[in-house]
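Residue strings, one per chain:
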Amino acid sequence: MGKTLAYKILENHLVSGNLTPGEEITIKIDQTLTQDSTGTMVYLQLEAMDVDKVQTELSVAYIDHNTLQTGFENADDHAFIKSVAQRHGVLFSKPGNGICHQLHLENYGKPGKTLLGSDSHTPTGGGLGMIAIGAGGLDVAVAMAKGTYSLVAPKVIKVELKGRLHPWTSAKDVILYVLQQLSVKGGVGKIVEYTGEGVKSLSVTDRATITNMGAELGATTSVFPSDENTKAYLKSQGREADYTPLAADADAVYDQELIVDLDSLTPLAAQPHSPDNVDSIANIGEIKVDQVAIGSCTNSSYTDLMKVAAILKGKKVHPDVSLVISPGSSKILTKMAENGALADIIASGARIIENACGPCIGMGQSPKSGAVSLRTFNRNFKGRSGTLDADVYLVSPETAAISAVTGVLTDGSKTGQALPQIEDTDFTANDNFIVYPEGTNTENTPVAMGPNIKPFPRNTALPETVEVTVTLHAGDNITTDDIMPSDSRLLPYRSNIPHLANYCFEKVDSGFAGRCKEAGTCAIIGGDNYGQGSSREHAALAPLYLGVKFVVAKSFARIHRSNLINSGIMPLVFENPADYDDFTIGDELVIEQAPKQVQSGTVEVKNKNTGKTYQTKTNFSDLEIALILKGGKINYMKG
Ligand code: MIC
Ligand code: SF4
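Residues numbered from 1 in each chain as written. Chains lettered and ligands numbered in written order. Predicted model: local features only at pLDDT ≥ 70, side-chain atom pairs only at ≥ 80, totals over all residues. Heavy atoms only, no water.

Below, the discussion takes up the pattern of salt bridges. Within this structure, the stated rule accounts for 29 salt bridges. With a shortest N-O distance of 3.8 Å, Lys638 and Asp50 are connected by a salt bridge. A residue pair is termed long-range when its members are at least 10 positions apart, and Lys638 in the segment after helix H21 (633-637) and Asp50 in the loop between helix H2 (36-48) and strand S4 (58-62) qualify at 588 residues. Accessibility expressed as a relative area gives 65% for Asp50, which makes it exposed. Across the salt bridge formed by Arg515 and Asp509, the nearest N and O atoms sit 2.5 Å from each other. A relative accessible area of 25% places Arg515 in the partly exposed class. Sharing partners across several salt bridges, the network here consists of Lys28, Asp30, Glu57 and Lys113. (Salt bridge = Lys/Arg side-chain N within 4 Å of Asp/Glu carboxyl O. Helix = DSSP H or I, 4+ residues; strand = E, 2+ residues; numbered from the N terminus. Buried < 20%, exposed > 50% of the residue type's maximum accessible area, 1.4 Å probe, protein only.)

So, in structure tokens, the structure goes:
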């Protein structure tokens, strides 16, 4: 029986376990990446593990999220990460170099390798034929310390690409279409593998747009074959030697299949407030636009921005539109400065902002009240832009640029404007933004601890009886942005959990933190796909700090479920989803003989007020049981 590409790479990295969907496996991790907003926790945890040098082939610490530096906090975090990177043999990418995923693709990603990153969009590396997985910070710290990562072997979905995209329809529309078909939870427990003749017509950066936004499917990762286009991309980055051809066997067997006919795709948009709320631009209609933001790890590549420049050349941004552009990397910006495309963009009336995540994570550029904002980003969760009543639509760079000119949501193919074919170009190597961990005795580098950097909270071993008060009854598809919001006001506090905890669930139910503090120990009731979105551990650490002992939900998103377990918080799944309706805020719940029940696979939760009992499933692996019993991963590792 033929093998999928995903399983070939996993097999090459298998350290232990049975490589069968649903079984827990441990794989070797070749590379790790961190970014600053999750990175401070990662490196605090790495320090707590008393390791010397990292065990990976390559580990990089990027600074790209918190670059506004509205106070000393961000800059202190950067200095902390830089010092710890130096101590442990990690490359440090200075702020201004660009967005971690774009930079990793350009400079370090290699076909056939494994990459673990403390950011949910790490699967961007799948565009180069890597198995690139997003994880919570603690898992990335452990991967650096031990060179391994444990996960449940996923199923593999085949997405067959047929035909060829028309001009004005691009990689973004492919992934929006897949999201429309599979939904934001359609990829949970799965790897999405792209095959078919259509693959050849997509460049590596197109492929990376698709694998990047596979995170929005809830997928473990997404992967493309490594072929002549991969070779050409690596050559353009001066890295031809890193090329290896890779593909699935012709007779590979998949768990699920989806066919995408590129020829019949038209420009699409994800409407407010979910990446899977997709429709064609033709159907949505010419809605008036207030802001257009182009950039993010999904769509800030050289070819994306050159298309944008070509559309804007000689035109004027509509008087009612604010157009902001954040390039993906310093190399891209340099090249566009050299070839004149940057001048075309600026001359149109666009605002160029730093090569960083910027508006994608709410660091500036919040649109005006009630605005319509078109963004080439990957998430349009309510409030993520920083403006609670703004309507954010996710679109391709082509759609964004033409709409910035017309002032309304526009299907470019209807404008009659020709769109030039943009080829990748050769880039000049430049590592001036990289600080290497060079010199002798780097482990003696002092840790630079700013006053805002506080220790991370630790749980205690699971007690015999767990008694809690329900402090939140949440709906379906709760995001980690809902749990632990991130914007220019809160992002500077990513290394200060006691402060952040006050804002936990702020936008969903502002009374949550206060109720938890009053109750002492508490529980959350959740709906389907609880914890989708970002990998931020803070969405587990803040509840841990507030005394949350367990979450009972209809289902969980992968990374958040692991983050809860790593923090010693039990993610329990209703046996009978209808039980969800029985709970209300203030209910007093009890789990008797908790350690014994956790080991048995089902946990009975009793409502003390009504006397009624509810069955929940744990689906814990042996390792996960051990983590819960010890009160989290750090306690487990410390013995
Ligand atoms: C995001 O896109 O939500 C982030 C910010 O990059 C997060 C990481 C974080 O919360 O720091 C992610 O995707 O994991
Ligand atoms: Fe940064 Fe946005 Fe990408 Fe997250 S999704 S890594 S915030 S650009």
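Attention now moves to the sheet that holds strand S21 (residues 466-473). Pairing is mixed around the closed barrel formed by 7 strands, whose spatial order is S21-S22-S23-S24-S27-S26-S25. Averaged over all pairs of adjacent strands, the angle between strand axes in this sheet comes to 40°, irrespective of strand direction. Both strand S26 (residues 602-607) and strand S27 (residues 613-617) contribute to a ladder of 5 bridges, which runs antiparallel. By the bridge assignment for S27, Lys606 is matched with Thr613. (Pairing = 2+ DSSP bridges. Axes fitted to C-alpha atoms, helices over the stretch in contact; angles between N-to-C directions.)

So, on to helix H20 (residues 622-630). In an α-helix, one turn spans 3.6 residues, which is why side chains three or four residues apart end up on the same side. Taken together, the buried positions of H20 are occupied by Glu624, Ile625, Leu627 and Ile628. Projected down its long axis, H20 shows its buried positions confined to an angular sector of 160°, all on one face. The positive-phi residue at the C-terminal boundary of H20 is Gly631, with phi of around 85°. (Arc of directions from axis to C-beta.)

Moving on, we come to the sheet that holds strand S11 (residues 221-223). Across the sheet, 4 strands lie side by side as S11-S10-S9-S12; this open sheet has parallel pairing. Of all strands in the sheet, those with a lone pairing partner are S11 and strand S12 (256-261), marking the two edges. Strand-to-strand, the axes of this sheet are offset by a mean angle of 20°, without reference to chain direction. In terms of strand pairing, strand S9 (residues 155-162) meets S12 through 6 bridges, oriented parallel. Its bridge partner being in S12, Ile157 is matched across the sheet by Gln256. Its contacts with the sheet put helix H6 (residues 171-182) on S9, strand S10 (190-195) and S12, and the angle it makes with S12 is roughly 135°. (Contact = heavy atoms within 4.5 Å.)

Turning to the site of ligand 2, a few remarks are in order. The environment of ligand 2 is formed by His65, His101, Asp119, His121, Ser296, Cys297, Cys357, Cys360, Ile361, Asn378 and Arg384. Class assignment for the residues of the shell around ligand 2 results in 4 nonpolar, 5 polar and 2 charged. (Near = heavy atom within 4 Å. Nonpolar A, V, L, I, M, F, W, Y, C, P; charged D, E, K, R; others polar.)

This part takes up the site of ligand 1. Around ligand 1, a shell composed of 14 residues is seen, among which Ser37, Asp119, Ser120, Ser535 and Arg536 lie nearest. One of the side-chain N or O atoms of Ser37 is found 2.4 Å from an oxygen atom in ligand 1. Separating an oxygen atom of ligand 1 from a side-chain N or O atom of Asp119 is a distance of 2.7 Å. Coverage of ligand 1 by the protein chains reaches 97% of its 340 Å² of free accessible surface. Of the residues belonging to the shell around ligand 1, the class tally is 1 nonpolar, 8 polar and 5 charged. (Polar contact = N/O pair within 3.5 Å; in protein donor to acceptor, adjacent residues only side chain to side chain. Areas by Shrake-Rupley, 256 points an atom, 1.4 Å probe, with all protein chains shown as cover.)

A few words on the UniProt feature "domain: Aconitase A/isopropylmalate dehydratase small subunit swivel" (unreviewed entry) in the protein. Under the UniProt annotation, the feature "domain: Aconitase A/isopropylmalate dehydratase small subunit swivel" (unreviewed entry) is placed at residues 519-576. Between the first and last C-alpha atoms of residues 519-576 the distance is 27 Å; the span itself is 31% helix and 26% strand. (UniProt positions renumbered as here; feature names shortened; annotations may be inferred.)

Let's shift gears to the pairing of S26. Side-chain alternation along S26 places Val603, Val605 and Asn607 on a buried face and Thr602, Glu604 and Lys606 on a face that remains uncovered. Across 2 bridges, strand S25 (residues 588-591) lies against S26 in antiparallel orientation. When the sheet's bridge partners are listed, Leu589 is paired in S26 with Asn607. Between S26 and S27, which pair antiparallel one after the other, the connecting turn spans 5 residues, and Gly611 there sits at a positive phi close to 80°.

Before going further, it helps to examine the packing of H2 against helix H5 (residues 137-146). Two elements in contact, H2 and H5, have axes separated by 8 Å at closest approach and are oriented at 45°. The orientation of H2 with respect to H5, classified from their angle, is oblique. As for the relative orientation of H2 and H5, their crossing is right-handed in sense. On H5, the residues that touch Val42, Tyr43, Gln45 and Leu46 of H2 are Gly137, Leu138, Ala141, Met144 and Ala145. Split into classes, the residues belonging to the contact of H2 with H5 amount to 7 nonpolar, 2 polar and no charged. (Parallel < 35°, antiparallel > 145°, perpendicular 65-115°, else oblique. Left-handed = near helix turned anticlockwise from the far one by under 90°.)

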